[in-house]
Amino acid sequence: MGPLPIKESFSFPKRYDGRSFHYHYTNRQLVNGEKVKRSWLTYSRSKDAVYCFCCKLFSKKSIKLATDGQQDWVNIGALLKQHEKSEDHCSNMVKWKEFSLRLSKGKTIDETEMGLLEAEKNRWRDVLTRLISIIQSLAERNLALRGSSDTLHKDDNGNFLKEVELLAKFDPVLRDHVRRIESGAEHITYLGKTIQNELIACISDKILGTMVSEIKDSNYFAIILDCTPDMSHQEQMSVVVHLVSLTKTPDIKEHFLGFVIALESTGQGLSALILQKLEELNIPFEDCRGQSYDNGANMKGANKGVQARLLRKNPRAFYVPCGAHSLNLVVSDAAKVSMDATCFFGNVEKIYKLFSGSPQRWTILKKHVNITLKSWSDTRWESRVNSIKPLRYQADKVREALLEVRENATEPTIKVETHSLAEEIASFRFQICCVVWYDILSQINTTSKLLQSVNMQLEVAVGIIKKNKANLIRYRATGFKDAQTSAREKCEEMNTEAVLKQKRLRTTKRHFAYESPDEPETDPMKRLEVSFFNAVVDCTIQSLEDRFQSLGEVRSIFGVLSNFGQLDAQTRKNQCQLLSDKLTFGEQSDIDGSALATELENLPELPEAQMTPFELLTYLSQNEICELYPNLWVALRIACTLPVTVASAERSFSKLKLIKNYLRSSMAQERLSGLAVISINSKVSHQISYSDVINYFASRKARKHRF
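Residues numbered from 1 in each chain as written. Predicted model: local features only at pLDDT ≥ 70, side-chain atom pairs only at ≥ 80, totals over all residues. Heavy atoms only, no water.

Considerations on the overall build of the protein
(1) Moving on: Of regular secondary structure, the protein possesses 29 helices and eleven strands.
(2) Moving on: Compactness check: the protein gives a C-alpha radius of gyration of 36 Å against a globular reference of 27 Å for 707 residues, more than 25% above the reference.
(3) Moving on: With respect to the three principal axes, the spread of C-alpha positions in the protein is 120 × 75 × 50 Å.
(4) Moving on: Each of the 707 residues in the protein was classed as buried or not, and the buried ones make up 48%.
(5) Moving on: Taking the intrachain contacts of the protein between residues at least 6 apart in sequence as the baseline, contacts between residues at least 24 apart amount to 69%.
(6) Moving on: For the protein, the exposed surface amounts to about 37200 Å²; the carbon and sulfur share of it is 50%.
(7) Moving on: Averaging the coordinates of the 97 positive side-chain charges in the protein and doing the same for the 86 negative ones gives two points 5 Å apart. (Helix = DSSP H or I, 4+ residues; strand = E, 2+ residues; numbered from the N terminus. Rg over C-alpha atoms; globule rule 2.2 N^0.38 Å. Buried < 20%, exposed > 50% of the residue type's maximum accessible area, 1.4 Å probe, protein only. Contact = heavy atoms within 4.5 Å. Areas by Shrake-Rupley, 256 points an atom, 1.4 Å probe, with all protein chains shown as cover. Lys, Arg positive; Asp, Glu negative; His and termini not counted. Charge placed at Lys NZ, Arg CZ, Asp CG, Glu CD.)

Quick notes on the pairing of strand E3 (residues 41-44)
(1) Moving on: Side chains of E3 alternate between two faces, with Leu41 and Tyr43 and Thr42 and Ser44 buried alike.
(2) Moving on: Across four bridges, the pairing between E3 and strand E4 (residues 49-52) is antiparallel. Among the inter-strand pairings, threonine 42 is bridged to a residue of E4, identified as tyrosine 51.
(3) Moving on: Hairpin connection, E3 to E4: the antiparallel pair is bridged by four residues, and aspartate 48 has positive phi, about 50 degrees. (Pairing = 2+ DSSP bridges.)

A word on helix H13 (residues 359-368)
(1) Moving on: Those residues of H13 not exposed but buried are Arg361, Ile364, Leu365 and His368. End-on, the buried residues of H13 take up no more than an arc of 100 degrees, which puts them together on one face. Those residues of H13 that are exposed and angled more than 90 degrees off the buried face are Pro359, Gln360, Thr363, Lys366 and Lys367.
(2) Moving on: Packed against the buried residues of H13 are helix H12 (339-356), helix H15 (395-408) and helix H16 (412-426). (Arc of directions from axis to C-beta.)

Some remarks on a nonpolar patch on the surface
(1) Moving on: A surface patch of nonpolar side chains, about 410 Å² in accessible area, is lined by Met231, Tyr662 and Leu663.
(2) Moving on: Here tyrosine 662 is to be found in the loop between helix H26 (647-659) and helix H27 (669-680). (Patch = residues over 30% accessible without salt bridge, like charges linked within 9 Å, V, L, I, M, F, W, Y side chains within 5 Å. Salt bridge = Lys/Arg side-chain N within 4 Å of Asp/Glu carboxyl O.)

Describing the pattern of salt bridges
(1) Moving on: Inspection of every chain in the model, using the stated rule, returns 23 salt bridges.
(2) Moving on: In this structure, lysine 253 and glutamate 214 form a salt bridge, with 2.9 Å as the shortest nitrogen-oxygen distance. Pair noted here: lysine 253 is in strand E7 (residues 251-261) and glutamate 214 is in helix H7 (residues 193-218), with a separation of 39 residues, a long-range link.
(3) Moving on: The salt bridge involving lysine 660 is made with aspartate 230; its shortest N-O contact spans 2.9 Å. Taken together, the residues span a long stretch of sequence, with lysine 660 in the loop between H26 and H27 and aspartate 230 in the loop between strand E5 (221-229) and strand E6 (235-245) at a distance of 430 residues.

Re unusual backbone geometry
(1) Moving on: Positive phi, close to 50 degrees, is recorded for aspartate 48, a residue that is not glycine.
(2) Moving on: The residue aspartate 48 is located in the loop between E3 and E4 in this model.
(3) Moving on: Looking at aspartate 48, the relative accessible area reads 15%, which means it is buried.
(4) Moving on: A positive phi angle, close to 60 degrees, is found at tyrosine 190, a residue other than glycine.
(5) Moving on: Here tyrosine 190 falls in the partly exposed class, since its relative accessible area comes to 21%.

Topic: the state of the cysteines
(1) Moving on: The full count for this structure, using the stated rule, is zero disulfides.
(2) Moving on: Here cysteine 54 stays unpaired: no disulfide links it, and the sulfur of cysteine 52, its closest cysteine neighbor, is 3.4 Å away.
(3) Moving on: Summary of cysteine pairing: cysteine 626 is not part of a disulfide, and the nearest cysteine sulfur, belonging to cysteine 640, is at 12 Å. (Disulfide = S-S within 2.5 Å.)

Describing the nonpolar core
(1) Moving on: Among the nonpolar cores identified, the biggest contains 107 residues, and Trp437, Phe558, Leu579 and Leu632 are the most heavily contacted of them.
(2) Moving on: Element by element, the count of residues in this core is highest for helix H17 (residues 428-451), at 13 residues.
(3) Moving on: Apart from residues lying up to four places away in sequence, leucine 632 is in contact with Leu561, Leu596, Glu599, Leu600, Leu603, Leu616 and Leu620.
(4) Moving on: By size, the runner-up hydrophobic cluster in this structure holds 77 residues, among which are Leu128, Cys227, Cys288 and Val306. (Core = buried A, V, L, I, M, F, W, Y, C linked by side-chain atoms within 4.5 Å.)

Quick notes on the environment of valine 260
(1) Moving on: Here valine 260 lies in strand E7.
(2) Moving on: With 413 residues separating them along the chain, valine 260 and serine 673 place their C-alpha atoms 7.8 Å apart.
(3) Moving on: In this structure, valine 260 is in contact with Glu235, Gln236, Met237, Val239, Leu273, Lys277 and Gln669, ignoring residues within four places of it in sequence.

Quick word on the confidence of the model for the protein
(1) Moving on: Of all residues in the protein, 94% have pLDDT values of 70 or greater, and the mean over the chain is 86.
(2) Moving on: Between the elements of the protein, mean pLDDT differs from a low of 76, seen in helix H11 (residues 323-335), to a high of 94, seen in H27. (pLDDT = per-residue confidence, 0-100.)

Side note on the side chain of arginine 399
(1) Moving on: Its location among the elements puts arginine 399 in helix H15.
(2) Moving on: Although buried, arginine 399 forms no salt bridge, and the nearest oppositely charged side chain, glutamate 423, lies 4.2 Å from it.
(3) Moving on: The contact partners of arginine 399, leaving out residues within four places of it in the chain, are Ala422, Glu423, Ile425, Ala426, Met494 and Thr496.

Brief notes about the packing of aromatic side chains
(1) Moving on: In the structure shown here, the tally under the stated rule is 20 aromatic pairs.
(2) Moving on: Considering the side-chain rings of phenylalanine 10 and phenylalanine 12, the 5.0 Å spacing of their centres and the 85 degrees angle between planes classify their relative orientation as edge-to-face.
(3) Moving on: Ring geometry for tryptophan 124 versus tyrosine 190: centroids 5.1 Å apart, planes at 65 degrees, classification edge-to-face. Linking tryptophan 124 in helix H4 (residues 111-140) with tyrosine 190 in the loop between helix H6 (172-183) and H7, this pair joins segments that are 66 residues apart in sequence.
(4) Moving on: Linked through ring pairs, Phe10, Phe12, Phe21, Tyr25, Tyr43 and Trp73 together constitute an aromatic cluster.
(5) Moving on: It is lysine 97 that lies over the ring of tryptophan 96; its NZ or CZ is 4.1 Å from the centre.
(6) Moving on: Taking the ring centre of tyrosine 393 as reference, the NZ or CZ of arginine 392 above it sits at 4.9 Å. (Phe/Tyr/Trp six-rings, centres within 6.5 Å; stacked < 30°, edge-to-face > 60°. Lys NZ or Arg CZ within 6 Å of the ring centre and 35° of its normal.)

Topic: the environment of lysine 657
(1) Moving on: Within the secondary structure, lysine 657 sits in helix H26.
(2) Moving on: A relative accessible area of 62% places lysine 657 in the exposed class.
(3) Moving on: Spatially, the C-alpha atom of lysine 657 lies 9.8 Å from that of proline 229, the residues being 428 residues apart in sequence.

Below, the structure is given as structure tokens:
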């Protein structure tokens, strides 16, 4: 390996008299002013002394540069000049260089031993390549590596050792490695749990290094955070970065950076945690231009939430609330405004629990229906459309299944419950509620799925929300009549009467009031329309407007990038200046507002009249005119960097439950995060080289540290 090189940036320690070694002594200055590197000179940090490398190896004389090291910093310059002119040093230099040349060509005395050493090194690299491949394959499929035993050819030794045993049957490298272990000739196996953890850490570190390099190359990024408890009841925070990759064609990507244990769920604790994570990865928070979280108070709080605390550190990190969570709250708000809606969802849940509570009853259900009943989430209201779909299109068949269960039931409670639910499904009121809720949830669910796309842009998201709102407004005008028609057809299929039963109006004592109370509606159909349909649809429309107000405010800041062709010159200039002000913090600014207005005015004729920011960004990149419009290029990249939902963080929780399950609840945090990085970023893991991972693994195990 030769002598340890001395870096110019190294700070040499000073002695009591203030003197120390200096880097310029590593070069020899000739009379013509040229400098020649003293390759033989090396410095020891532990001894605070310099040595002559070649004399240390070959000299038989007792000189300080070869034995104890030279520390006379006052006369070091003269001593080095005197030494390099000595006959003994010149002879040792020739021996060193000749030996180094023979070593590189394999022509040394121990040529055979060096060949064996090289073969052994290559054998271990081949073994590690296969072990890394096995770990990567198991991690990508979220399978457990270890078992109860860490010994080969045991029934409970886990997937990792079983894969080694399987490959050893066909692969000569692993077959020889296993043979050496079983015969006792090899004491170092690289099959233990510690080496597994180290290899997992090496693979995940290389993946993180690749992603961090891409983040830094893109210059701007946005953070996505979400938290959930794991199997061992620890709060895990998922950290995802949203960015625009500047390859030949711009691409919107999201990278998972790992799980972090959140000891505190407060805004202060979570904000400090994410800043610490970015600092560990050497990602400057000053380049953050967006942040997206769910609608929790600790996240979106205007004063003490995470977004507020991060905005105080970086006002250019625009906060965009999660669109999918907002849609979920929209449906939740609408379901609370009507008693009919509460009773409807309660009956739907009773039907599912009745059939799912018994395998025999579930078999009867499958015999009658093509679309089986689905369970729903207590938090994701828009996903309940899957629970209503069988009742919307196969209500008659579900009713037949209930009637058959009633005939075969032996328990009186089951008979009574199935009879009640069968009558409820056949009622005109239930069918109207089923049609209305299915229509509303279908629209909300479709919008939610669109917003959860990685490539979703802020401009497109606002357009989708507006379109959804317009559809609901149109649905309010004609939806109830259409629901009556569909419900009446379903009642005819079930041979039931399509009539709403008259309910007795409860009389209450009237108190004095300045305003006269509304007269109670006596027509049951009109009362259902007012108290159920109008209330639910109106609440949905109003909640859509209220909960997506923040999204619209952020969009209005970047709106000039998409509708600049519809604005006059002065308005365009004002909006460009507004965007420039929003992207300015202190003395740092991302764009020049006046220059941006000029670039928008001088743009060539575009392929389409109105393009989204990402389409315009792609157009500039493909036509290679980015340098002509630098401010527009930067503004478009920032606009495309803003995330719309935290769906990627939610998806990482699915991997978390697969990796840290009940049987693996004692897994260490570093191993958990490493396995999750490999599994979630599988596309990036396929890009890394096994050779790079092995070299990194070797550098972590090396005892000889370089400057």
